[in-house]
Amino acid sequence: MQTYFWKLQNNEQDAEVMQKAAALIQAGEVVAFPTETVYGLGANGLNSEAVAKIFAAKGRPNDNPLILHIADVKDVEPLTTGLNENAKALMEAFWPGPLTLVVDKSEIVPDAVSAGLATVAVRFPANQYAQELIKACGCPVAAPSANISGRPSPTNAQDVWEDMQGKVAAVLDGGNCGIGLESTVVDTTEPVPVILRPGGITYEMLMEVLGEVDIDPALQGDAGYKPKAPGMKYRHYAPQSAMYLLEGEAAGKLAQFVADALEEGKRVGVLCSSATAEALRANENVLAKADAASKNLLLTPWGESLEELAANLFYLLRDFDRTMPDVILAEGVGENGIGLAVMNRMRKAAGYQIVSIIDGELRLKNGEIPAFMLK
Ligand code: AMP
Ligand code: MG
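As the structure is a prediction and not an experimental result, all values here were calculated from the model.

Details of the sheet that holds strand E13 (residues 268–272)
Working step 1: With mixed pairing, 6 strands are arranged side by side in an open sheet as E14-E13-E15-E12-E16-E17. Every other strand in the sheet has two partners, leaving strand E14 (297–301) and strand E17 (361–364) as the edge strands with one partner each. On average, adjacent strands in this sheet sit at an angle of 25 degrees to one another, irrespective of strand direction.
Working step 2: Sheet analysis places E13 next to strand E15 (residues 327–331), joined by 4 bridges and oriented parallel. Residue pairing for E15: valine 268 is matched across the bridge by valine 327.
Working step 3: Where helix H8 (residues 254–263) meets the sheet, it contacts strand E12 (242–246), E13, E14, E15, strand E16 (354–358) and E17, and its direction lies at approximately 165 degrees from that of E13.
Working step 4: Where helix H11 (residues 306–323) meets the sheet, it contacts E12, E13, E14 and E15, and its direction lies at approximately 175 degrees from that of E13.

Rendered as structure tokens:
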């Protein structure tokens, strides 16, 4: 199928693009569009056939429900049998914004959207282009992230194009996504609301409004827990190269692991803060093994703040699929604020290959410690 690529410029011409994009969605087609979290793949959320095209374009398992996007707070009403006080308080505090609420679903929501669940996930995005598009469509827009299932979510239109060219009717280019991680998903149907997926609206922000919030225990990646957000059980965000996440004290071993992996002849990708990248560049052991000509060391610093890490993470993970190092070593961060969401995505990207030091001993979850870490 031919895929249109339409650039939004924040001027009068955008109105025409929006009309064309909305007409495609109204006709049952799929259009990718920017939001403040990541790019979404949008279709008429009340039309099962249109929704089926989203699953087909992504190769998404159909037991993984979609989020319905609205552009006015009152548009949630027809989608639900009722909102409780917690849901109302969260809407009041955080909509429009990167917060998805799971609520009891009404009959008009097709099973294709909710994957047969009795609940539906709803979000009112803050991105101006997303709002204009949804308004022009005049219907709730079902929209998962605009990547092939399992790949890191796209945070710019080129990354969408790479995955979706030929598979959807159009891609709208609205520049880079500000937050860079998918929305926080909160189940409001439980007596104490539960975070099913951490995101831009943090645990601390939710606590301030609700006083009490649980975190789905399955997010720790421990076997035996079934995640309540079906999508969280899938391998996700994963670059093709083997990735290890160094948490806590183990992050202090980064320079040594890099040097030893280089020594073994590996091409090493490193995901770390700018300060750590500077330190690695100045480290004598690393310097002795790094070879500019063969590009055996791929340092990809994400910046200094957790917000910069969130904004750059998916782009950098996707970049590793272009450069294809033999191994990726990622530096863990603290889990305060958006750090919780970042660490959730990094753990999944690493396939839960988490390196830590417990009682002075090096441990690896989910696999065998590679030889270069044992020197
Ligand atoms: P995506 O749109 O790809 O960012 O994924 C949406 C996330 O929300 C997935 O993890 C889904 O499993 C989750 N989700 C959507 N609807 C529901 C629901 N009714 N109950 C629980 N989780 C949901
Ligand atoms: Mg997704």
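Thoughts on the pattern of salt bridges
Working step 1: Scanning the model with the defined rule gives 23 salt bridges in all.
Working step 2: The partner of lysine 74 in a salt bridge is aspartate 72, with the nearest N and O atoms 3.5 Å apart.
Working step 3: Linking aspartate 319 and arginine 322 is a salt bridge whose minimum nitrogen-to-oxygen distance equals 2.9 Å. Taken as a pair, aspartate 319 and arginine 322 lie in helix H11 at a separation of 3 residues, close to a single helical turn.
Working step 4: Residues joined in a network through salt bridges with shared partners are Arg151, Asp159, Glu162, Asp163, Arg318, Asp319, Asp321 and Arg322.

Some thoughts on the environment of alanine 121
Working step 1: Inspection of the secondary structure puts alanine 121 in strand E6 (residues 119–123).
Working step 2: Residues alanine 121 and valine 185, 64 residues apart in the sequence, show an inter-C-alpha distance of 7.9 Å.
Working step 3: When neighbours within four sequence positions are excluded, alanine 121 is seen to be in contact with Leu66, Ile67, Leu68, Thr100, Leu101 and Val102.

Thoughts on the side chain of asparagine 127
Working step 1: Relative to the assigned elements, asparagine 127 resides in the loop between E6 and helix H5 (128–137).
Working step 2: Judged by its relative accessible area of 15%, asparagine 127 falls in the buried class.
Working step 3: Only 3.0 Å separates the side chain of asparagine 127 from the backbone nitrogen of alanine 130, close enough to count as a polar contact.
Working step 4: Not counting residues up to four positions away in its chain, the partners in contact with asparagine 127 are Pro34, Thr35 and Glu36.

A word on the nonpolar core
Working step 1: Core analysis: the biggest nonpolar cluster contains 43 residues, and Leu41, Leu90, Trp95, Leu99, Leu101, Val122 and Leu206 have the highest contact counts within it.
Working step 2: Listed by contribution, the elements that provide at least two residues to this core are strand E3 (40–44), helix H2 (48–58), helix H3 (85–94), strand E5 (99–104), E6, helix H6 (157–164) and helix H7 (203–210).
Working step 3: Per element, the largest residue contribution to this core is 5 residues, and it comes from H2.

Parameters and conventions
- By convention here, each chain's residues receive numbers from 1 onward along its written sequence.
- Written order determines the labels here, with chains lettered from A and ligands numbered from 1.
- pLDDT decides what is reported in this predicted model: residues at 70 or higher carry local features, side-chain atom pairs at 80 or more are listed and counted, and totals for whole chains, interfaces and linings draw on all residues regardless.
- Side-chain metrics in this entry use all non-hydrogen atoms of the structure; hydrogen atoms and water are not considered.
- One requirement defines pairing of two strands: DSSP has to find at least two bridges between them.
- Note on conventions: DSSP H or I runs of at least 4 residues are helices, E runs of at least 2 residues are strands, and numbering of each starts at the N terminus.
- Fitted lines through C-alpha atoms serve as axes, helices being fitted only where they are in contact, and the angles separating the N-to-C directions of these axes extend from 0 to 180 degrees.
- Residue contacts are defined here by distance: any two heavy atoms, one from each residue, within 4.5 Å place the two residues in contact.
- Any Lys or Arg side-chain nitrogen located within 4 Å of an Asp or Glu carboxyl oxygen qualifies as a salt bridge.
- Burial status follows relative accessibility: with a 1.4 Å probe on protein chains alone, a residue under 20% of its type maximum counts as buried, one over 50% as exposed, and anything between as partly exposed.
- Residues adjacent in sequence count toward polar contacts only when both atoms are side-chain atoms; beyond that, a polar contact is any pair of N or O atoms within 3.5 Å, and within protein one must be able to donate a hydrogen and the other to accept it.
- What makes a nonpolar core is a set of buried Ala, Val, Leu, Ile, Met, Phe, Trp, Tyr and Cys residues whose side-chain atoms join them at distances within 4.5 Å.

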